[in-house]
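# A structural walkthrough
Below are the chains, spelled out letter by letter.
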Amino acid sequence: MKCPYCGARDARVIDSRELNGGESIRRRRECVACGRRFTTYERVEPLWLMVVKRDGRREPFDVAKLREGLRLALKKRPVSPDEIDRIVATVERELHSLGTSEVPSTLIGEIVLRELKQLDEVAYIRFASVYRRFADLEDLRREMEALGWRPQPVTVNEQTS
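Below is a summary of the structure that appears in this document. (Residues numbered from 1 in each chain as written. Predicted model: local features only at pLDDT ≥ 70, side-chain atom pairs only at ≥ 80, totals over all residues. Heavy atoms only, no water.)

## With respect to the nonpolar core
Grouped together as the largest cluster of nonpolar side chains are 26 residues, with contacts concentrated most on Val-91, Ile-108 and Leu-116. When residues of this core are traced back to their parent elements, those giving at least two are helix H1 (63-73), helix H2 (81-97), helix H3 (105-119) and helix H4 (121-131). In terms of residues, this core owes the most to one element, H4, which gives six residues. The contacts of Leu-116, once residues within four sequence positions are left out, are Leu-70, Ala-73, Leu-74, Ile-87, Glu-121, Ala-123, Tyr-124 and Phe-127. (Core = buried A, V, L, I, M, F, W, Y, C linked by side-chain atoms within 4.5 Å. Buried < 20%, exposed > 50% of the residue type's maximum accessible area, 1.4 Å probe, protein only. Helix = DSSP H or I, 4+ residues; strand = E, 2+ residues; numbered from the N terminus. Contact = heavy atoms within 4.5 Å.)

This is how it looks when you write it as structure tokens:
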């Protein structure tokens, strides 16, 4: 490991700790040459995933794109950034557990919808409207009814002038 201070290539490990339930390791190191300490992190490099789009195109799985979709669905909702991180981690974990290098985009969408449904129904509807390509209000109504929503009659008070 190269020292970030002096560039020497010899450092000894002072302390190691597991992070994220054993998914990564934090190591404190000390440079043998200059004596300064620094921290490194190790984690297993995940399988390179390709996403197979609905039209058959393939593109690399992009965590930033997933995070942006979640951020848009959750905009102005009372949800912490930690919850977004949790959903991203869940999606990544489930995709990697498949043990395949290609995953359909529909699977990613279904995992996200499942997680949003448990977290925030408004964000779920927002994400579903794009993912499921709602064509009109009838599509929206059907999805909301599937969540258990029932329209309430609206009464309008007419005022006479």
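## Re H3
A rise of 1.5 Å per residue sets the reference length of H3, with its 15 residues, at 21 Å; its end C-alpha atoms lie 21 Å apart and thus fit the reference within 8%. Among all positions of H3, only Ser-105, Ile-108, Gly-109, Ile-111, Val-112, Leu-113, Glu-115 and Leu-116 are buried. For H3, the secondary structure elements touched by its buried residues are strand E4 (50-52), H1, H2, strand E6 (102-104) and H4. (Expected span 1.5 Å × (residues − 1).)

## Observations regarding the sheet that holds strand E1 (residues 11-19)
Sheet strands pair by backbone hydrogen bonding; their relative direction is either parallel or antiparallel. Taken in spatial order, the three strands line up as E1-E2-E3 in an open sheet, and their pairing is antiparallel. Of all strands in the sheet, those with a lone pairing partner are E1 and strand E3 (37-43), marking the two edges. Sheet twist, expressed as the average angle between the axes of neighbouring strands with direction ignored, equals 25°. Sheet topology places strand E2 (residues 24-31) next to E3; seven bridges connect them, and they run antiparallel. Following the sheet pairing, Ser-24 is matched in E3 by Arg-43. (Pairing = 2+ DSSP bridges. Axes fitted to C-alpha atoms, helices over the stretch in contact; angles between N-to-C directions.)

## Things to note about unusual backbone geometry
The backbone phi angle of Lys-76 is positive, close to 60°, even though this residue is not glycine. Relative accessible area serves as the criterion here: at 78%, Lys-76 is assigned to the exposed category.

## What about the packing of H1 against H4?
Relative orientation and spacing of two packed helices are given, respectively, by the angle between their axes and the distance between those axes. Direction vectors running N to C along H1 and H4 enclose 120°, while the axes themselves pass 8 Å from each other. When the axis of H1 is compared with that of H4, the two are oblique. As H1 runs across H4, the sense of the crossing is right-handed. For the pair H1 and H4, the contacting residues are Gly-69, Leu-72 and Ala-73 in the first and Ala-123, Arg-126 and Phe-127 in the second. Taken together, the residues of the contact of H1 with H4 sort by class into four nonpolar, one polar and one charged. (Parallel < 35°, antiparallel > 145°, perpendicular 65-115°, else oblique. Left-handed = near helix turned anticlockwise from the far one by under 90°. Nonpolar A, V, L, I, M, F, W, Y, C, P; charged D, E, K, R; others polar.)

## Description of the packing of aromatic side chains
Evaluated as defined, the whole model comprises zero aromatic pairs. The residue whose ring lies beneath Arg-36 is Tyr-5, and the NZ or CZ to ring-centre distance is 3.8 Å. (Phe/Tyr/Trp six-rings, centres within 6.5 Å; stacked < 30°, edge-to-face > 60°. Lys NZ or Arg CZ within 6 Å of the ring centre and 35° of its normal.)

## With respect to the pairing of E1
Along any regular strand, the residues point their side chains to alternate faces of the sheet. Bridge analysis of E1 against E2 gives eight bridges, and the strand direction is antiparallel. Across the sheet, Arg-12 pairs through a bridge with Glu-30, a residue of E2.

## Examining the pattern of salt bridges
Evaluation of the coordinates by the stated rule reveals 17 salt bridges. With its nearest N and O atoms 2.9 Å apart, the salt bridge here joins Glu-59 to Lys-65. Judged by relative accessible area, which is 21%, Glu-59 ranks as partly exposed. Relative accessible area serves as the criterion here: at 46%, Lys-65 is assigned to the partly exposed category. With its nearest N and O atoms 2.4 Å apart, the salt bridge here joins Arg-114 to Glu-94. In this pair, Arg-114 is assigned in helix H3 and Glu-94 in helix H2, connecting sequence segments 20 residues apart. The partly exposed category is assigned to Arg-114, whose relative accessible area is 34%. Three or more residues joined by partner-sharing salt bridges are found here, namely Lys-53, Asp-55, Arg-57, Glu-59 and Lys-65. (Salt bridge = Lys/Arg side-chain N within 4 Å of Asp/Glu carboxyl O.)

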